[in-house]
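# Architecture at a glance
Below are the chains, spelled out letter by letter.
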Amino acid sequence: MRKINEVLRLTAQGMSQRQASQSVGLATSTVSDYVERARRAGLSWPLPEGLDGGQLEARLFPAPVVPGNDDRRCSLAGVATLISNLMAGLGSDGAQSQHGSRSDGPPDLTFPLRSGNDS
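Below is a short write-up of the structure. Computed from a predicted model, the values in this text were never measured in an experiment.

About the thresholds
Residues numbered from 1 in each chain as written. Predicted model: local features only at pLDDT ≥ 70, side-chain atom pairs only at ≥ 80, totals over all residues. Heavy atoms only, no water. Salt bridge = Lys/Arg side-chain N within 4 Å of Asp/Glu carboxyl O. Helix = DSSP H or I, 4+ residues; strand = E, 2+ residues; numbered from the N terminus. Buried < 20%, exposed > 50% of the residue type's maximum accessible area, 1.4 Å probe, protein only. Phe/Tyr/Trp six-rings, centres within 6.5 Å; stacked < 30°, edge-to-face > 60°. Axes fitted to C-alpha atoms, helices over the stretch in contact; angles between N-to-C directions. Left-handed = near helix turned anticlockwise from the far one by under 90°. Contact = heavy atoms within 4.5 Å. Nonpolar A, V, L, I, M, F, W, Y, C, P; charged D, E, K, R; others polar.

So, on to the pattern of salt bridges. Scanning the entire structure with this criterion turns up 4 salt bridges. Linking Asp33 and Arg37 is a salt bridge whose minimum nitrogen-to-oxygen distance equals 3.0 Å. Taken together, the residues Asp33 and Arg37, both in helix α3 (residues 28-40) and 4 residues apart, mark about one turn of the helix. The class of Asp33 is partly exposed, set by a relative accessible area of 29%. Ionic pairing is found between Glu36 and Arg40, a salt bridge with its closest N-O pair at 3.5 Å. Here Glu36 and its partner Arg40 are both found in helix α3, 4 residues apart, which amounts to about one turn of the helix. According to the relative accessible area criterion, Arg40 is exposed, its value standing at 55%. One continuous salt-bridge network, built from bridges that share partners, spans Glu36, Arg39 and Arg40.

A separate point is the packing of aromatic side chains. Inspection of every chain in the model, using the stated rule, returns 1 aromatic pair. Between Tyr34 and Phe61, the ring centres sit 6.4 Å apart and the planes meet at 85°, which makes this aromatic pair edge-to-face. Within this pair, whereas Tyr34 is found in helix α3, its partner Phe61 is found in the loop between α4 (53-60) and β1 (72-74), the two being separated by 27 residues in sequence. Overall, Tyr34 belongs to the buried group, its relative accessible area being 15%.

Okay, the packing of helix α1 (residues 2-12) against helix α2 (residues 17-24) next. The contact between α1 and α2 brings their axes to 9 Å, and the two run at 145°. Crossing of α1 over α2 shows right-handed handedness. On the side of α1, the interface is formed by Lys3, Glu6, Val7, Leu10 and Thr11, while α2 contributes Gln17, Ala20, Ser23 and Val24. Looking at the contact of α1 with α2 residue by residue, the classes come out as 4 nonpolar, 3 polar and 2 charged.

Okay, here's the thing in structure tokens:
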């Protein structure tokens, strides 16, 4: 988060994004992304007092919203479960597993969601 703070400080002081990128050692596109994310989050320099690195990260990089379900968000654990369930239905060569009969049905590809207000 230190580089994000530095980018926001430098650009707020009038430094161009290109100059800020050279100063902190980041790509200009990354600096532009940080500045745009801060704008969308309603943040400007100086940052609100008491805003720690975790809170800043959560505001700049919110969890993606699941399409069609705006009040729910994917969790990393949910994605891992989805991948695990998908892989359970595949053999080591990537083909459908022969461990179960066809009547067992496909592997469970659902995964848990957490509500948008769980942080």
